[in-house]
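Architecture and fold: a report
Next come the chains, spelled out residue by residue.
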Amino acid sequence: VKKKYIMEEFKLTIETRDTLTKELAEHYLKQAEQKLEYIVNISNQTTEKGYKLLSLLIAILTGFGWVLGRGQDGTYLFVSIVGIFAAAICCGILLTKVVSLHTVWSNGRTPEEMDINVFSNYYIKECELSPEKAYIESIADEIESIQKKVDLNLKQYKDRIYFYKACLDIMVSALVICSF
């Protein structure tokens, strides 16, 4: 049974936040950052594989186009048409779903995205937390933010892998059809 990836929002409980020490929060943050970096790297490798497959498909299209231009017999004509059709479909899929500009949710945020003024006022003034506890709370918020980025990157990665595999399946099917 294939599991569909379901994004559930990750939240640290109040109890967990209350028990976090500065060192422990920093440890969790470091681990989360490393995982996000790993997932972004894997996603970039998928893009590279997509470019390689796209290059191969363009070469195949060129070869089959040459065969068609030479006016070969019926067998070569059939193989060329099937090959061109399959390669063109795969090129379209790769360009739109695998190697096209894709959003990568990487680590870090701009100061504007962090809402420093809002959070510092909230934690220090409204919640009346000590500077160290406010620091821990901001790290906890960052851990939750990284988890969201991990979830979004994983979903996109799995979608792109699905389409990459579909292209490979189409090309193998075309080879099987042409071998008869």
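Preceding this paragraph is the structure being described.
The paragraphs below set out a description of the structure included in this document. (Residues numbered from 1 in each chain as written. Predicted model: local features only at pLDDT ≥ 70, side-chain atom pairs only at ≥ 80, totals over all residues. Heavy atoms only, no water.)

1. Details of the pattern of salt bridges
Counted by the stated rule, this structure contains 10 salt bridges. The salt bridge partner of Arg17 is Asp141, with a shortest N-O separation of 2.7 Å. On the criterion of sequence distance, the pair formed by Arg17 in helix H1 (residues 14-19) and Asp141 in helix H6 (residues 131-179) is long-range, its members being 124 residues apart. When sorted by exposure, Arg17 lands in the same class as Asp141, which is buried. Each member of the salt-bridge network shares a partner with another, and the members are Glu9, Lys11, Arg17, Lys133, Glu137, Asp141, Glu144 and Lys148. (Salt bridge = Lys/Arg side-chain N within 4 Å of Asp/Glu carboxyl O. Helix = DSSP H or I, 4+ residues; strand = E, 2+ residues; numbered from the N terminus. Buried < 20%, exposed > 50% of the residue type's maximum accessible area, 1.4 Å probe, protein only.)

2. Regarding the packing of aromatic side chains
Both the distance between ring centres and the angle between the ring planes are used here to describe each pair of aromatic rings. What the rule picks out here adds up to 2 aromatic pairs. Ring geometry for Tyr162 versus Phe163: centroids 5.3 Å apart, planes at 80°, classification edge-to-face. (Phe/Tyr/Trp six-rings, centres within 6.5 Å; stacked < 30°, edge-to-face > 60°.)

3. Considering the layout of surface pockets
Counted as a void, the largest pocket has a volume near 430 Å³. Arg109, Met114, Ser138, Asp141 and Glu142 are, among the 17 residues lining the largest pocket, the residues nearest its centre. Looking at the lining of the largest pocket, the elements with two or more residues in it are helix H5 (116-126) and H6. The dominant element in the lining of the largest pocket, judged by the number of residues it contributes, is H6, at 10 residues. For the lining of the largest pocket, the per-class residue count stands at 7 nonpolar, 3 polar and 7 charged. (1 Å grid on protein atoms, 1.4 Å probe; cavity = no way out; pocket = protein on both sides within 12 Å on 5 of 7 lines; lining within 4 Å. Points joined across faces, edges and corners; volume = space filled by probe spheres on them. Nonpolar A, V, L, I, M, F, W, Y, C, P; charged D, E, K, R; others polar.)

4. A word on a nonpolar patch on the surface
Together, Leu68, Leu77 and Ile81 line one region of the surface with nonpolar side chains, adding up to about 230 Å² of accessible area. Counting through the fold element by element, Ile81 comes out in helix H3 (residues 74-98). (Patch = residues over 30% accessible without salt bridge, like charges linked within 9 Å, V, L, I, M, F, W, Y side chains within 5 Å. Areas by Shrake-Rupley, 256 points an atom, 1.4 Å probe, with all protein chains shown as cover.)

5. Quick look at the environment of Val118
Within the secondary structure, Val118 is located in helix H5. With 51 residues separating them along the chain, Val118 and Asp169 place their C-alpha atoms 51 Å apart.

6. Describing the environment of Leu57
Along the chain, Leu57 falls in helix H2 (residues 22-70). On the basis of relative accessibility, which here comes to 1%, the residue Leu57 falls in the buried class. Residues Leu57 and Glu113, spaced 56 residues apart in sequence, show a C-alpha to C-alpha distance of 41 Å. Once residues lying within four places of it in the same chain are set aside, the contact partners of Leu57 are Ala87, Cys90, Cys91, Leu94 and Met171. (Contact = heavy atoms within 4.5 Å.)

7. Focus on the packing of H2 against H3
The contact between H2 and H3 brings their axes to 9 Å, and the two run at 155°. It follows from the interaxial angle that H2 and H3 lie roughly antiparallel. Relative to H3, the crossing made by H2 is left-handed. Class assignment for the residues of the contact of H2 with H3 results in 20 nonpolar, 6 polar and no charged. (Axes fitted to C-alpha atoms, helices over the stretch in contact; angles between N-to-C directions. Parallel < 35°, antiparallel > 145°, perpendicular 65-115°, else oblique. Left-handed = near helix turned anticlockwise from the far one by under 90°.)

8. Considering the packing of H3 against H6
Any two packed helices are characterised by how steeply their axes cross, that is the angle between the axes, and by the distance between the axes. Close contact between H3 and H6 brings their axes to 10 Å; oriented N to C, the two are set at 180°. Relative to H6, the element H3 is oriented roughly antiparallel. Taken together, the residues of H6 that come into contact with H3 (itself represented by Phe78, Val79, Val82, Ala86, Ala87, Ile89, Cys90, Ile93, Leu94, Lys97 and Val98) are Arg160, Phe163, Tyr164, Cys167, Ile170, Met171, Ala174, Ile177 and Cys178. Partitioning the contact of H3 with H6 into residue classes produces 18 nonpolar, no polar and 2 charged.

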